[in-house]
Amino acid sequence: MPSYAFFDTKSYDRPFFERYGKKSGIEFRFFETRLTQDTVGLANGFDGVCAFVNDVINAEVLESLYCGGVRTVALRCAGYNNVDLHTAFGKIHVVHVPAYSPNAVAEHAMAMLLTSIRRIHKAYIRTKDFNFSLDGLTGFELHGKTVGVIGTGRIGRAFIEICRGFGMKIIAYDKFPTPEGGIDYVSLDTLFAESDVISLHCPLTEETYHTVCAETIEKMKTGVVIVNTSRGALIDAEALLDAIKDRKIGAACLDVYEEESDIFFEDYSGHILEDDTLARLISMPNVLVTSHQAFLTEEALDTIAKTTVENILELQTNGWCKNELCYRCGKTEVCSAARTGKCF
Ligand code: NAD
């Protein structure tokens, strides 16, 4: 029976993994702590670890995992920017869940956008306090506005479909444009210049790091709304804050934050928030922050657990897995990344 050390366990994901673990014969040992250099010893003797977005899976941790006998890192998420794939190559298999529910994230992006521009977050608090005044709650309509979508993969395309339903004009940028879906691709500069709303749906890479920064914000329309449900470091948070203070950016909807790893997913109410930039952003009336919640639906949690278990079983049976992340694995016949030219 394969045994997996499950890091960063939360009350909402444990029941799904318990159910699928039982069905498949995989033993999950649940640890609440995140995987870091300090906690990696907990994984000694396990066949694999099951990790999430804020677990530290750098070279040091991977070497320790390898020495402890771990041969698989099963990510229960899509993004893998926290994994040093170069170090893992040839030693530890890394699998992920590429698509659990693009709609969960796309719908959350739209929920944040609507909440922000129609001031629902303000109205909710007011009416709870029997304050029925409308002062300061004037919003704007999405119909006829231009949305610029950066990254037209699964989530980006789901978001585009939602925006179409709102009668928005859609323009997009992707490093690998797809002919599917009749998407109007433009250059990044055009996207920055023409968009009333910009929504980020590309992965975090060296290339996309700080896609939104002082220089690119300069190219945007005054009053633009930025939505980020992808990865925090796509935005230079300091530059965003400056642009909000300058009234250049009209609103920001952030489900992810550059320095989220020590903050998000935890309850810090009653504590003093050390991160001044985040505290200042949260204090702004036109900034909406959710703590990496976009994926959190029943449907997505079920698919995440099911796919993770399938990945582990597929690796065990075949020695490879279609959802494996690799650094030049050479298995081009089974690797969709290589077939589509998206291999590293
Ligand atoms: P995907 O792989 O289907 O799509 C990503 C798209 O980005 C692809 O079309 C790719 O070609 C494009 N891309 C790659 N490099 C680019 C670049 N330099 N510039 C522009 N586009 C580029 O991924 P997805 O399932 O749509 O997920 C998108 C991102 O959403 C993930 O990388 C992850 O970081 C994030 N995500 C967040 C949550 C959440 O809960 N907030 C949940 C799941 C995924």
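Residues numbered from 1 in each chain as written. Predicted model: local features only at pLDDT ≥ 70, side-chain atom pairs only at ≥ 80, totals over all residues. Heavy atoms only, no water.

## A few points about the overall build of the protein chain
- The number of helices and strands found in the protein chain is twelve helices and twelve strands.
- Taking 344 residues into account, the globule formula puts the C-alpha radius of gyration at 20 Å, and the protein chain, at 21 Å, falls close to it.
- Its C-alpha atoms put the protein chain at 60 × 50 × 35 Å along the principal axes.
- Every one of the 344 residues in the protein chain was classed for burial, and the buried ones make up 49%.
- In the protein chain, the proportion of contacts linking residues at least 24 apart, taken out of those at least 6 apart, comes to 66%.
- By element, 51% of the accessible surface of the protein chain is carried by carbon and sulfur atoms, the whole surface being about 16,600 Å². (Helix = DSSP H or I, 4+ residues; strand = E, 2+ residues; numbered from the N terminus. Rg over C-alpha atoms; globule rule 2.2 N^0.38 Å. Buried < 20%, exposed > 50% of the residue type's maximum accessible area, 1.4 Å probe, protein only. Contact = heavy atoms within 4.5 Å. Areas by Shrake-Rupley, 256 points an atom, 1.4 Å probe, with all protein chains shown as cover.)

## So, the packing of aromatic side chains
- Scanning all chains against the criterion turns up ten aromatic pairs.
- Judged by centre distance (4.8 Å) and plane angle (55°), the ring pair of Phe6 and Phe30 falls under tilted. Placement of the pair is Phe6 in strand β1 (residues 3-6) and Phe30 in strand β2 (residues 27-30), with a sequence separation of 24 residues. Phe30 shares its class with Phe6; the two are buried.
- In textbook terms, an aromatic cluster arises when at least three aromatic residues are bridged by ring pairs, as seen for Tyr4, Phe6, Phe17, Phe28 and Phe30.
- Across from the ring centre of Tyr66, 5.8 Å away, lies the NZ or CZ of Lys91, which sits over that ring. (Phe/Tyr/Trp six-rings, centres within 6.5 Å; stacked < 30°, edge-to-face > 60°. Lys NZ or Arg CZ within 6 Å of the ring centre and 35° of its normal.)

Bear in mind that shape data such as this cannot, by itself, settle questions of function.
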